[in-house]
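Examination of the molecular architecture
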Amino acid sequence: MKLVRGAWKLLVGIKDALVLLFMLLFFGALFAVLSAKPNPGGVKDGALVLAIDGTIVEQPAEADPFGGLGGGEVPREYRMRDLVRALDAAKDDARVKVVVLDLDRFGGGYPAAVAEVGEAIRRVRDAKKPVLAYATGYSDASYLLAANASEIWVDPMGGTIFSGPGGSRLYYKGLIDKLGVTTHVYKVGKFKSAVEPYILTAQSPEAKQANEALYGAIFGQWREAVKKARPKARIEPLLTNPADTVAAANGDFAKMNQQLGMVDKLGDRLAFGKRVAEIAGVDANKPAGSYKTIKLANWLEANPAPKTGDAIGVITVAGEIVDGKAGPGVAAGDTIANLLLKGLADKKLKALVVRVDSPGGSALASERIRQAILVAKEQKLPVVVSMGSLAASGGYWVSTPGDVIFAEPNTITGSIGIFGILPTFENSLAKIGVTSDGVKTTPLTGQPDVYAGTNAEVDRVLQSGIEQGYRRFIGLVAGSRKMTTARVDEIGQGRVWDGGTARQLGLVDRFGNLDDAVAEAAKRAKLDPAKTHAVFLEKEPDWFSALIAGLMSGGDGDEEEAAPESGGDLYARIAGDRRAVLAQALGDAKRLAGASSMQARCLECAAYGPMTGPQAQADARLIDLVMAKLGW
């Protein structure tokens, strides 16, 4: 009996300890969330700090509670319109003495998003308010932001190096052939290069031609933006002859950057902090190099978006378009359609803006979203499309109901094409002595057969379905753009265009951002744009999401308490970028091979910016797993 009583006491003790541990974790997490809640009353005179330690996106994904369990780092995401609102509010507010851009861990963004934030930074500078930028190493995207600052600082052991858009893609045909996998591709569009890695060992001439044109346009716009923001910067030597330029400076990147007028000051974080303190004021209770700061979250809470006047609805289609339901950062057909239909029923909207920032995905989900947009047109609401960084393939499909389409010159759009992909394993099984057989009652019995391969009958059926999907796609575009289907087919074929060329081709009507689109929607509704406000038809985060976000932001999120973590030197940044490229390539292969529906997707669009949202989180875990298995 003593043994039983002792065991019972032990079990009771373990139970009590677990209950206590759970309560401590719960209340600790609750405290973290409450502490992280923005406090608009905390805004005092000082420096508004934009420490963008992640990527700029249209719609941040929900925080992944398990993202960091594998030891990898989950990239943070910053909503573009929040950054723009913060900067525009800062330029005329006397409490903001200086804006600080901490770009040491900036993860980039698509060209249009980065350019729009850069323009907001320049508006602050043009208002005669100091803007100071700091990084150990600048890349293309971070330098475009910094170029709009009043002063650019770089660490003496850092520097700036530019790579330009482009790079290598992985092609899997050789591996697929060795494994004996048969890849069945059904597509329309000679430029629809998303499937090429599975059927070729290198890009086709058509894909190369299209990509060279698009890369050139995007890169040209970047160069013009840098030149406009910082005329004295001589960036050409680093773009045309980087090796000789660096060698002439004896490998001293920072000194070379200063000599070329690309940066103003060389200094570490301590020196930079002292410089900011000269403007914002010294915080006497903190270590040297500290200064009075304004937290971004508090600043945004103190400067909310307008909520008065007539309501212009904004439905956001951001991320990969998928079937079913999903959280923010993924354009799930059912989720977006339901949000839109509910908004049309409840919000008393006067007009609708469709904000598109997507490379496409499922054709079925794209059509689900399009049908929901048509309900707004049935209610006689003006519908204006605002293209963000991406509106390609399925992203263009959902844009077709728009009365007018806005885009940026560096928006990536087009990719009007359809494809499907199906692997079968008859040759793989034969290599290990496995065969298949059975009874068939019709030509389609058991088809598509992943064990024995497809037959000619099902191949014809599936290809016919893809061709009909393409005819439907170009028909939608032709009706929307007042073109003939022959003309749409000519500029379609899966080819991707920059926004400037798309406007010349008639795929886009005007240049402008989301605010321009909202103003146009108001005018079409016969309203004064100054007396309207945007209502974003988005799901509010639930308590659990808020809890996880609070924990992942580091508890109280007090930016004044700790010096920002260094983003590493140029070599660390380059290594990190290449790791992200590999993770994205592996993720793309997994997504494409696992696609179960007709795809209107621009896979090549991923080359122009970082992967974001749940896909980025999943890709980071995948590369961590692969590297762990390889012992790296």
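Residues numbered from 1 in each chain as written. Predicted model: local features only at pLDDT ≥ 70, side-chain atom pairs only at ≥ 80, totals over all residues. Heavy atoms only, no water.

1. A few points about the packing of aromatic side chains
Pairs of aromatic rings are described using the distance from one ring centre to the other and the angle between the two planes. What the rule picks out here adds up to eight aromatic pairs. Summarising the aromatic geometry, the rings of Tyr134 and Phe272 are spaced 5.1 Å apart at their centres and angled 40° between planes, so their arrangement reads as tilted. Residue Tyr134 is located in strand S5 (residues 131–138), and its partner Phe272 is located in helix H11 (residues 269–280); the two are separated by 138 residues in the primary sequence. Phe272 matches Tyr134 in its accessibility class, with the two residues each being buried. Between Trp153 and Phe272 the ring centres are 5.6 Å apart and the planes differ by 70°, which places this aromatic pair in the edge-to-face class. Of this pair, Trp153 sits in strand S6 (residues 151–160) while Phe272 sits in helix H11; the two residues are 119 residues apart in sequence, bridging distant segments of the chain. The same class applies to Trp153 as to Phe272, namely buried. Site record: aromatic cluster; members linked through ring pairs are Tyr138, Tyr143, Phe162, Phe219 and Trp222. (Phe/Tyr/Trp six-rings, centres within 6.5 Å; stacked < 30°, edge-to-face > 60°. Helix = DSSP H or I, 4+ residues; strand = E, 2+ residues; numbered from the N terminus. Buried < 20%, exposed > 50% of the residue type's maximum accessible area, 1.4 Å probe, protein only.)

2. Observations concerning the environment of Arg79
By the secondary structure assignment, Arg79 is in strand S3 (residues 76–79). The spatial distance from the C-alpha of Arg79 to the C-alpha of Val57 is 5.2 Å, given a sequence separation of 22 residues. Here Arg79 is in contact with Val57, Glu58, Gln59, Pro60 and Glu538, once residues within four sequence places are set aside. (Contact = heavy atoms within 4.5 Å.)

3. Remarks on the pairing of strand S18 (residues 418–424)
Extensive coverage of S18 is indicated by the burial of six of its seven residues. Pairing of strand S7 (residues 182–188) with S18 involves seven bridges; the strand directions are antiparallel. Paired with Val188 across the bridge in S18 is Ile418. (Pairing = 2+ DSSP bridges.)

4. A look at a nonpolar patch on the surface
Taken together, the side chains of Leu10, Leu11, Ile14, Leu18 and Leu21 present a nonpolar region at the surface, about 500 Å² in accessible area. With respect to the element layout, Leu10 can be found in helix H1 (residues 2–36). (Patch = residues over 30% accessible without salt bridge, like charges linked within 9 Å, V, L, I, M, F, W, Y side chains within 5 Å. Areas by Shrake-Rupley, 256 points an atom, 1.4 Å probe, with all protein chains shown as cover. Salt bridge = Lys/Arg side-chain N within 4 Å of Asp/Glu carboxyl O.)

5. Remarks on the sheet that holds strand S8 (residues 265–266)
Taken in spatial order, the six strands line up as S8-S6-S5-S4-S1-S9 in an open sheet, and their pairing is parallel. Looking at which strands have only one partner, the edges of the open sheet turn out to be S8 and strand S9 (293–294). Helix H2 (residues 80–90) contacts strand S1 (46–51) and strand S4 (96–102) of the sheet and is inclined by roughly 160° relative to S1. (Axes fitted to C-alpha atoms, helices over the stretch in contact; angles between N-to-C directions.)

6. Structural notes on helix H7 (residues 205–229)
Here H7 is 25 residues long and its end C-alpha atoms lie 36 Å apart, about the 36 Å a rise of 1.5 Å per residue gives. On its buried side, H7 packs onto helix H3 (111–126), helix H4 (140–146), helix H6 (196–199), helix H8 (236–240), strand S17 (412–414) and strand S19 (496–498). (Expected span 1.5 Å × (residues − 1).)

7. Brief notes about the pattern of salt bridges
Pairing is possible between side chains that carry opposite charge, provided their charged atoms lie close to one another. Throughout the structure, instances matching the rule amount to 30 salt bridges. Salt-bridge contacts for Asp403 lead to Lys377; the nearest nitrogen and oxygen are separated by 2.6 Å. In this pair, Asp403 is assigned in the loop between helix H15 (394–397) and strand S16 (404–407) and Lys377 in helix H14 (residues 363–378), connecting sequence segments 26 residues apart. A residue is classified by how much of its surface remains accessible, and Lys377, at 28% relative accessible area, is partly exposed.

8. As for the packing of helix H13 (residues 333–346) against H14
If you want to describe how two helices pack, look at the angle between their axes and the distance between the axes. Close contact between H13 and H14 brings their axes to 8 Å; oriented N to C, the two are set at 5°. As the angle between them shows, H13 and H14 are arranged roughly parallel. Taken together, the residues of H14 that come into contact with H13 (itself represented by Gly333, Asp334, Ile336, Ala337, Asn338, Leu340, Leu341 and Leu344) are Ala365, Arg368, Ile369, Ala372, Ile373, Val375 and Ala376. Residues belonging to the contact of H13 with H14 are distributed by class as follows: 11 nonpolar, two polar and two charged. (Parallel < 35°, antiparallel > 145°, perpendicular 65-115°, else oblique. Nonpolar A, V, L, I, M, F, W, Y, C, P; charged D, E, K, R; others polar.)

9. With respect to the environment of Gly108
Here Gly108 is to be found in the loop between S4 and H3. Take Gly108: its relative accessible area is 7%, and that puts it in the buried class. The sequence separation of Gly108 and Ser142 amounts to 34 residues, and the corresponding C-alpha distance is 6.6 Å.

10. What to know about unusual backbone geometry
Pro448 follows Gln447 through a cis peptide bond whose omega is -5°. Counting through the fold element by element, Pro448 comes out in the loop between helix H16 (426–431) and helix H17 (456–481). At Lys348, a position not held by glycine, the phi torsion is positive, near 55°. As for its position among the elements, Lys348 is in the loop between H13 and strand S13 (351–358). Of note, Ser415 is a non-glycine position whose phi angle comes to about 55°, a positive value. Along the chain, the position of Ser415 falls in the loop between S17 and S18.

11. A look at the packing of H2 against H3
Two numbers describe how H2 lies on H3: the axes approach to 9 Å, and their chain directions differ by 5°. Overall, the two elements H2 and H3 adopt an arrangement that is roughly parallel. On H3, the residues that touch Met80, Leu83, Val84, Leu87 and Asp88 of H2 are Ala113, Glu116, Val117, Ala120, Ile121, Arg123 and Val124. Residue composition of the contact of H2 with H3, by class: nine nonpolar, no polar and three charged.

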